[in-house]
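Residues per chain, in single letters:
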Amino acid sequence: MLLDYQHLVEDYERSLFHVLRGQRTLDLLETWVPDPDVVRSLLNLFEAAQGAECDSLSVQLSPPIALGVDEPALHSALADLGVLHIERSSNGLVVSLSGLGKTGHNLPSVYDDSLTRFGKNLAHAGAPAPIENTVQVTVDSCTLYLSINEQQVIERARFECPRNSTTARLLEALADLCEGLPIYEAADHGAIRLEARLRGDKPAPVSGIVLPENSDPMFGLVQRLLRGALSAFQQIADHQPAASHAGFIEPLSPLWLSLSQEEQLRAVNAALAAALCALGRDPQALCAIHIEHETRAVVQVAPELPTKQLPALLMRLETEVRKRVEPTIELLLAEVQDNNKVRRL
Amino acid sequence: MSASLPEHVEKLILDGTKIGWHQERLAAWERGERFAPITIDMALTRACNYACHFCYAMLQENDRQPIDKKAITEFLDDCAEIGVKGISLVSDGESTISPVFIDAIQHGARVGLSMAVGTNAFVLNRRKLEEILPHLTYLRVNISGGERSRYAQIMGAKESAFDRVCQNITDMVEIKKRDNLPVTIGLQMVLMPEYEDQILPLARLGQKLRPDYLVIKHCSDNEEGDLGVDYSGYDRLHDTLRAAEALSDDEYRVSVKWSKILAEGKRSYQRCYGAPFLLQISGSGLVAPCGMLFNDRYKKFHVGNIVETRFRELFHSDRYWEVMNYLASPSFNAQKMCGSLCLQHKVNEALDAHRKGRLPIVPPSGNPPAHLNFV
Ligand code: SF4
C-alpha cells in the first residue's frame with residue numbers, strides 16, 4: 001500500500017480541528033501521531049502500522065518534504081522494524097518497509113521459522129577480507145559481497161547490515177543459498193529460490209502465481225542485491241554473455257550417482273512407501289518401476305487408487321521423494337501410446 | 001514483407017507474442033492474483049481423419065472422453081464468465097470432425113468470445129464455411145505439401161484430398177471476399193527438413209489460392225525426440241525459405257517463423273509463466289497447462305476434465321493454481337522437462353525476459369495488432 005505523507009498529515013490536522021470525538025485517520029494508522037520531525041513522524045507511522053498488524057507499507061514524500069529528510073538518520077530509525085527500501089526520484093522519496101510483523105514475535109508468517117533458524121548463526125555476516133574477484137553491491141544500507149570464480153560460480157558470500165534485524169536473517173539465508181550457484185543463476189532465480197527455500201511446505205503466500213515481489217517485499221531487496229551483483233560482475237569480468245543463456249542445471253548428488261539403478265529404485269520406493277504411509281494410504285499403492293535419464297522415476301499405480309486423486313497425489317509424492325532422496329527427481333507415469341504408429345517417410 | 005500489404009495482413013503478428021497488449025492480466029499476475037487465460041487453445045476431439053507424418057498429437061494420448069454439446073456450451077459460457085478472450089480450435093485433434101464443431105463456433109461468438117480454427121479443411125465444404133466464417137477471427141489450414149503426391153505422403157491422406165482441400169480454400173477465400181468478412185484466412189506449413197522440396201510449391205500454391213498468408217513453422221518434438229525432427233537440418237533451408245518469403249505480394253504474405261526455426265528447438269528460459277495466459281485443453285476434455293503435458297505420462301500436471309467438471313470450477317480450484325505454480329517455481333525446468341518449443345514459447349520468452357529485468361514488457365503504443373485475443 002502506498003500512502004501520501006503530506007495528505008496524511010493534512011488529514012490528521014484537519015480532523016484534529018474539525019472532529020471533536022472519534023478522531024482518527026486510517027484504521028491502519030489509528031495510533032499514529034505525526035511529529036514535526038519527519039524522521040520521528042515516519043517512525044511513529046510505521047510503528048502504528050506494525051501495531052495494526054500491517055505487514056508492509058510504502059509512504060510517498062513530496063520533493064519539498066523529502067529535501068529535509070536526513071537519510072542516514074531515517075535508516076537507523078527504521079531499519080530495525082523490517083526490510084527497508086528508500087527510493088529517491090524527481091517525485092521525492094518513497095520509503096517502504098516490509099516484514100513489519102516479523103521483527104516482533106507476534107505475527108507468524110510462512111517464512112518466520114526458517115528466518116529464525118538462519119538468525120541463530122549469522123555465519124556469513126561481516127565484510128570479507130579483500131580478495132580478488134569479489135563484487136560488492138549496496139542497496140538500502142545492506143551490502144552483499146560475492147567472490148566469483150572463473151567458472152562464474154559464487155564461491156563465497158558475505159553481507160553487512162544491522163544485526164538483530166529481519167534483514168540480517170534474510171541475508172544470511174541468501175548468502176547460504178548463493179554459495180555454489182553461478183552468478184547468472186543467482187541473479188535470474190536467486191530470489192524465487194530463496195522464497196521457495198524459506199517457505200518450504202507452507203502454503204503459498206498469494207492465491208495466484210508466486211513471484212518474489214508478490215510473496216513479500218523483502219524479496220525485492222534480495223532481487224536488487226543479486227541483480228546489482230551481476231552488473232558489478234559484468235563490469236569487472238571478461239565474462240562470456242553466452243553463459244547466461246545456457247541455463248543452470250542442478251548437479252546430481254554424488255551419493256545418488258554412486259547408486260546402481262536397482263539401489264536408486266529401492267531408495268525411491270522406500271521414500272514413496274514412507275510418504276504414502278504418512279498420508280494414510282497403502283504403501284504399495286504406487287511404486288517406481290524404472291529410472292530414465294538419471295532422475296525420471298517411472299511409477300506404476302495400483303488400480304484401486306482413485307484416478308481423480310492421482311494427479312495431486314503424484315505431485316505431493318514427488319515433493320516428498322525430492323526431500324528424502326534427490327532434489328531433482330521427477331515422478332512420471334509410463335507413456336500412453338497412440339493406437340496409431342508414428343509414420344516414418 | 002511488402003510495404004503495401006492490406007492493413008489487416010500488415011498488422012498480423014505471425015512470429016511473436018501480443019502479451020504486452022494485455023497489461024491488466026500482466027498486472028494481476030505480478031500481484032499474485034488469479035487471472036483468466038487470455039486464450040485457450042483446444043480441440044473438440046482427439047481424433048483426426050488424416051495421419052500427418054509430423055503430428056505431435058500422436059504423442060499426446062490421454063483418457064478420451066467425448067465433448068458433447070452440453071459440455072462445450074457450458075465450457076464456453078464459463079470462459080465468457082471468467083474473462084477468457086479467445087478460443088482457438090487447434091490443439092490435438094481435428095475439431096471439424098466433431099459433431100459439435102459448428103455449434104461451438106456459433107455459441108462461442110454469441111457469448112462474446114473470439115473464435116478461431118486450425119484445420120486440415122478436408123470436411124469444410126462451402127455450406128459449412130458459410131455457417132462458420134462470419135463468426136471467426138481466423139481460419140488456418142494445415143497444409144504441408146504443395147503438390148498432390150507429396151501432400152498425400154506427408155499428410156497421410158489420399159491424393160484426391162489435396163484437390164478437395166484446394167477447392168475448400170478457394171471457397172473460403174471467395175466467401176470472405178464476397179461478404180467482406182473480417183476473418184483472416186491462412187495456410188500453415190509445419191516444416192520438417194525433409195519437406196524442403198515442398199516449400200516453394202506450397203508458397204506458389206498460396207499465390208494461386210489467394211489466402212491472406214502462408215506461415216511456415218518448425219516442427220515440435222517431445223523431449224525423447226520421438227518424431228525424429230532433425231533441428232540441425234533447418235540450417236540448409238534458409239535460402240529456400242527466404243525465396244518463399246519473396247513470393248509475398250500485395251495481398252498475400254509468406255512468413256517464416258524464423259525465431260523458432262533459428263532456436264534449433266532450444267529454450268532460453270527454465271520457468272514457465274506462459275501457461276496461465278495461454279492454456280491448452282485436449283480434445284479429450286483434459287485441462288492441462290499445455291499440449292506437451294497431455295500424455296498420461298504427465299498425470300501430475302493434469303487439472304481435471306471439462307466433461308466431468310465445469311471449467312469455472314476447475315479454474316477457481318487450488319489444484320489449477322498448484323499446477324501453474326509448479327511450472328513457475330524452482331521445482332520446474334522447461335529446458336530439461338519439456339519437449340521442443342511449445343505453443344506458449346513466445347509468451348514464455350517475453351515473460352521470462354521481463355521477470356529477469358532484461359526486457360521489461362512495457363505497454364505498447366500505436367494501434368493494436370490483429371487477432372489481439374490470440375496471444
Ligand atoms: S514451457 Fe513446458 S510446461 Fe510450459 S507450456 Fe511449454 S511445454 Fe508446457
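All values derive from a computational prediction rather than experimental measurement.

### Observations concerning the overall build of chain A
Next up, step 1: Check the secondary structure of chain A and you find 13 helices and 10 strands.
Next up, step 2: Relative to the globule expectation of 20 Å for 345 residues, the C-alpha radius of gyration of chain A, 26 Å, shows a markedly less compact shape.
Next up, step 3: Expressed along its principal axes, the backbone C-alpha trace of chain A runs to roughly 80 × 55 × 50 Å.
Next up, step 4: Out of the 345 residues in chain A, the part that is buried amounts to 50%.
Next up, step 5: Considering only intrachain contacts with a sequence separation of at least 6, the fraction spanning at least 24 residues in chain A is 61%.
Next up, step 6: Entry remark: accessible area of chain A is about 17000 Å², with carbon and sulfur atoms responsible for 52%.
Next up, step 7: Put simply, chain A has 29 plus and 45 minus side-chain charges, and the middle of one group is 6 Å from the middle of the other.

### Some thoughts on the sheet that holds strand E8 (residues 278–281) of chain B
Residues and elements named next belong to chain B.
Next up, step 1: Read across the open sheet, the 10 strands follow the order E7-E6-E5-E4-E3-E2-E1-E8-E9-E10; overall the sheet is mixed. The open sheet has two edge strands, strand E7 (253–256) and strand E10 (304–305), and neither has a second partner.
Next up, step 2: Contacting strand E2 (86–89), strand E3 (114–119) and strand E4 (136–142), helix H4 (residues 101–110) runs over the sheet at an angle of about 155° to E3.
Next up, step 3: Against the sheet, helix H9 (residues 238–245) contacts strand E6 (213–217) and E7, and its axis sits at roughly 155° relative to E7.

### Some words on the site of the ligand
Next up, step 1: The environment of the ligand is formed by Arg-267, Cys-272, Cys-290, Met-292, Leu-293, Phe-332, Ala-334, Cys-338, Cys-342, Gln-344 and Asn-348 of chain B.
Next up, step 2: For the shell around the ligand, a count of residues per class yields 8 nonpolar, 2 polar and 1 charged.

### Brief notes about the nonpolar core
Next up, step 1: By size, the foremost hydrophobic cluster in this structure holds 124 residues, and its most contacted members are Phe-75, Ile-87 and Phe-311 of chain B.
Next up, step 2: Residue contributions to this core peak at 8 residues, all from helix H7 (residues 159–179) of chain B.
Next up, step 3: With near-sequence residues (within four places) excluded, Ile-87 of chain B lies in contact with Ile-40, Met-42, Phe-75, Leu-76, Cys-79, Leu-113, Ser-114, Met-115, Ala-116 and Phe-374 of chain B.
Next up, step 4: Counting 45 residues, the second-largest nonpolar core is a separate cluster that includes Val-137, Leu-174, Leu-198 and Phe-233 of chain A.

### Examining the packing of aromatic side chains
Residue and element names in this part refer to chain B.
Next up, step 1: Under the defined criterion, the tally for this structure stands at 20 aromatic pairs over all chains.
Next up, step 2: With centroids separated by 6.0 Å and ring planes inclined at 40°, the aromatic side chains of Tyr-231 and Tyr-234 adopt a geometry described as tilted.
Next up, step 3: Here Tyr-231 falls in the buried class, since its relative accessible area comes to 15%.
Next up, step 4: Linked through ring pairs, Trp-29, Phe-35, Tyr-273, Phe-277, Phe-315, Tyr-320 and Trp-321 together constitute an aromatic cluster.

### A closer look at the confidence of the model for chain B
Residue and element names in this part refer to chain B.
Next up, step 1: Averaged over all residues, the pLDDT of chain B equals 92, while 96% of them reach at least 70.
Next up, step 2: Contacts from residues 1–5, a stretch scored under 50 in pLDDT, to residues over four places away or in other chains number 13 contacts.
Next up, step 3: Complex prediction metrics read pTM 0.85 and ipTM 0.89.

### Description of H4 of chain B
Residues and elements named next belong to chain B.
Next up, step 1: Residues Phe-101, Ile-102, Ala-104, Ile-105, His-107 and Gly-108 constitute the buried set of H4.
Next up, step 2: Where the residues of H4 are buried, they touch helix H3 (69–82), E2, E3, helix H5 (126–132) and E4.
Next up, step 3: Following H4 by one or two positions, Gly-112 has its phi on the positive side, about 95°.

### Considerations on the domain arrangement of chain A
Next up, step 1: Domain assignment breaks chain A into domain 1 (2–103), domain 2 (106–245) and domain 3 (254–333).
Next up, step 2: The C-alpha centroid of domain 3 of chain A is placed 52 Å from the C-alpha centroid of domain 1 of chain A.

### Some words on the packing of helix H12 (residues 261–278) of chain A against helix H13 (residues 310–324) of chain A
Residues and elements named next belong to chain A.
Next up, step 1: Contact geometry of H12 with H13 gives a least axis separation of 9 Å together with a crossing angle of 125°. Classed by the angle they form, the pair H12 and H13 counts as oblique. At the point where H12 passes H13, the crossing takes the right-handed sense. Taken together, the residues of H13 that come into contact with H12 (itself represented by Val-268, Ala-271, Leu-272, Ala-274, Ala-275 and Leu-276) are Leu-313, Leu-317, Glu-320, Val-321 and Arg-324.

### Topic: the sheet that holds strand E9 (residues 296–301) of chain A
Residue and element names in this part refer to chain A.
Next up, step 1: The strand order across the open sheet built from 3 strands is E8-E9-E10, with neighbouring strands paired in mixed fashion. A single partner strand is all that each edge strand has here, and the edge strands are strand E8 (286–292) and strand E10 (330–333). Across the sheet, the mean angle from the axis of one strand to that of its neighbour is 40°, orientation sign disregarded.
Next up, step 2: Sheet topology note: the E9/E10 ladder contains 4 bridges and is parallel. Of the residues in E10, the one forming a bridge with Arg-296 is Glu-330.

### Quick look at the pattern of salt bridges
Residues and elements named next belong to chain B.
Next up, step 1: One pass over the full model with this rule turns up 48 salt bridges over all chains.
Next up, step 2: The closest approach of N and O atoms between Glu-74 and Lys-70, which form a salt bridge, is 3.3 Å. You can see Glu-74 and its partner Lys-70 sitting in helix H3, 4 residues apart, about one turn around the helix.
Next up, step 3: Two residues, Glu-130 and Arg-126, come together in a salt bridge whose shortest N-O distance is 3.9 Å. Within this pair, Glu-130 and its partner Arg-126 are both found in helix H5, separated by 4 residues, close to a single helical turn.
Next up, step 4: Its relative accessible area of 28% is what places Arg-126 among the partly exposed residues.
Next up, step 5: Among the charged side chains, a network of salt bridges with common partners joins Lys-70, Glu-74, Asp-78, Glu-81, Arg-310 and Arg-312.

### Some words on the pairing of strand E3 (residues 83–89) of chain A
Residue and element names in this part refer to chain A.
Next up, step 1: Alignment of E3 against strand E4 (residues 92–98), held across 7 bridges, turns out to be antiparallel. The partner of Ile-86 across the bridge, within E4, is Val-95.
Next up, step 2: Joining the antiparallel neighbours E3 and E4 is a turn of 2 residues.

### Considerations on the packing of helix H6 (residues 166–178) of chain A against helix H7 (residues 183–199) of chain A
Residues and elements named next belong to chain A.
Next up, step 1: Between H6 and H7, the least distance of the axes is 10 Å, while the angle of their chain directions is 120°. Judged on the interaxial angle alone, H7 and H6 are oblique. Note that H6 runs across H7; the crossing there is right-handed. The residues of H7 that touch H6, namely those facing Leu-170, Ala-173, Leu-174, Asp-176, Leu-177 and Cys-178, are Ala-186, Gly-190, Arg-193, Leu-194, Arg-197 and Leu-198.
Next up, step 2: For the contact of H6 with H7, a count of residues per class yields 8 nonpolar, 1 polar and 3 charged.

Each value, and the rule that gives it
Residues numbered from 1 in each chain as written. Chains lettered and ligands numbered in written order. Predicted model: local features only at pLDDT ≥ 70, side-chain atom pairs only at ≥ 80, totals over all residues. Heavy atoms only, no water. Helix = DSSP H or I, 4+ residues; strand = E, 2+ residues; numbered from the N terminus. Rg over C-alpha atoms; globule rule 2.2 N^0.38 Å. Buried < 20%, exposed > 50% of the residue type's maximum accessible area, 1.4 Å probe, protein only. Contact = heavy atoms within 4.5 Å. Areas by Shrake-Rupley, 256 points an atom, 1.4 Å probe, with all protein chains shown as cover. Lys, Arg positive; Asp, Glu negative; His and termini not counted. Charge placed at Lys NZ, Arg CZ, Asp CG, Glu CD. Pairing = 2+ DSSP bridges. Axes fitted to C-alpha atoms, helices over the stretch in contact; angles between N-to-C directions. Near = heavy atom within 4 Å. Nonpolar A, V, L, I, M, F, W, Y, C, P; charged D, E, K, R; others polar. Core = buried A, V, L, I, M, F, W, Y, C linked by side-chain atoms within 4.5 Å. Phe/Tyr/Trp six-rings, centres within 6.5 Å; stacked < 30°, edge-to-face > 60°. pLDDT = per-residue confidence, 0-100. Domains from an automatic or database assignment. Parallel < 35°, antiparallel > 145°, perpendicular 65-115°, else oblique. Left-handed = near helix turned anticlockwise from the far one by under 90°. Salt bridge = Lys/Arg side-chain N within 4 Å of Asp/Glu carboxyl O.

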